[in-house]
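# A look at the structure
The chain contents come next:
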Amino acid sequence: MEHFLDLWLWLYAVFAVAYGTYIWFQPSKRMMLLVSITPIIFLGVVLVVFPLLAAMDAGAVEGFKFLAVVALVAVPSSVVIGAVYVLLAYTLYVLFRRYGLLPSNS
């Protein structure tokens, strides 16, 4: 568990760079669909990667035990955190659109 935060940061950084780049160059309504499903995709990655790393280090049984621990922490927190960030993204999108700060293709 001591490396949980470090791994979380590196996994999230990939999503942040990819979406940040896409949003910067191509803001659109389709982008909002991607923003909406990101928490689900990210949760799936976390539920697969962390237990897999534990299983590779300590064995399959320990990997399944770690899956239970990760699921107990990640699932409830991802619902709350994911909802907050998706609502924040929608709010920013609506405000930027309202004040004409987005390109004409959005």
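Residues numbered from 1 in each chain as written. Predicted model: local features only at pLDDT ≥ 70, side-chain atom pairs only at ≥ 80, totals over all residues. Heavy atoms only, no water.

### Describing the overall build of the chain
To keep it simple, the criterion reads: Helix and strand assignments come from DSSP, with helices taken as H or I runs of at least 4 residues and strands as E runs of at least 2, each series counted from the N terminus. For each residue, the accessible area found with a 1.4 Å probe, counting protein chains only, is set against the maximum for its type, and the residue is called buried under 20%, exposed over 50%, and partly exposed in between. Throughout, a residue-residue contact means that at least one pair of heavy atoms, one from each residue, lies within 4.5 Å. Only the protein chains shown count as cover for residues, with accessible areas throughout obtained via the Shrake-Rupley method and a probe of 1.4 Å.
Of the regular secondary structure elements, the chain holds 3 helices and 0 strands. Each helix and strand of the chain, ordered N terminal to C terminal, gives the series α-α-α. Taking all 106 residues of the chain together, 23% fall into the buried category. Of all intrachain contacts in the chain linking residues separated by at least 6 positions in sequence, the fraction that spans at least 24 positions is 65%. If you sum the accessible surface of the chain, you get close to 7,600 Å²; carbon and sulfur atoms cover 77% of it.

### Details of the nonpolar core
Put simply, the rule is: Take the buried residues of types Ala, Val, Leu, Ile, Met, Phe, Trp, Tyr and Cys, join any two whose side-chain atoms come within 4.5 Å, and each joined set is a nonpolar core.
Residues Leu-11, Phe-15, Phe-42, Leu-43, Val-46, Phe-50, Ala-54, Phe-66, Val-70 and Ala-74 constitute the largest nonpolar core, which totals 10 residues. Counting only elements with at least two residues in this core, the list comes to α1 (4-25), α2 (29-58) and α3 (60-98). Considering every element that reaches this core, the biggest residue donor is α2, with 5 residues. In contact with Leu-11, other than residues within four places in its own chain, are Phe-42, Val-45, Val-49 and Phe-50.

### Topic: α3
To keep things clear, this is the line we draw: The angle between axes fitted to the seven-residue stretch ending at a residue and the seven-residue stretch beginning at it gives the bend at that residue.
Of all the bends in α3, the largest measures some 35 degrees and sits at Ser-78. Of the positions making up α3, those classed as buried are Gly-63, Phe-66, Val-70, Ala-74, Ser-78, Gly-82, Val-86 and Tyr-93.

### As for a nonpolar patch on the surface
Applied cut-off: Residues form patches when they are more than 30% accessible in relative terms and have no salt bridge. Like charges link within 9 Å. Nonpolar side chains (Val, Leu, Ile, Met, Phe, Trp, Tyr) link within 5 Å. For salt bridges, the criterion is a side-chain nitrogen of Lys or Arg within 4 Å of an Asp or Glu carboxyl oxygen.
On the surface, a nonpolar cluster with roughly 1,200 Å² of combined accessible area is contributed by Val-75, Val-79, Val-80, Ile-81, Val-84, Tyr-85, Leu-88, Leu-92, Leu-95, Phe-96, Tyr-99 and Leu-101. Since its relative accessible area comes to 34%, Val-75 is described here as partly exposed.

### Considerations on the side chain of Ser-78
Looking at the element boundaries, Ser-78 is found in helix α3. Taking the relative accessible area as the measure of exposure, Ser-78 reaches 19% and is therefore buried. Filtering out sequence-adjacent residues up to four positions away, Ser-78 remains in contact with Leu-43 and Ala-83.

### A closer look at the environment of Ala-68
Relative to the assigned elements, Ala-68 resides in helix α3. Judged by its relative accessible area of 40%, Ala-68 is partly exposed. Residues Ala-68 and Pro-51, 17 residues apart in the sequence, show an inter-C-alpha distance of 8.8 Å.

### Focus on the confidence of the model for the chain
The condition that has to hold: Scored between 0 and 100, pLDDT is the confidence that the predictor attaches to each residue.
A residue-level look at the chain finds 80% of positions with pLDDT of 70 or above and a mean pLDDT of 79. Taken element by element, the chain is modelled with least confidence in α1, mean pLDDT 69, and with most confidence in α3, mean pLDDT 85.

### So, the side chain of Thr-38
Within the element layout of this structure, Thr-38 appears in helix α2. A residue is classified by how much of its surface remains accessible, and Thr-38, at 14% relative accessible area, is buried. Filtering out sequence-adjacent residues up to four positions away, Thr-38 remains in contact with Phe-15 and Tyr-19.

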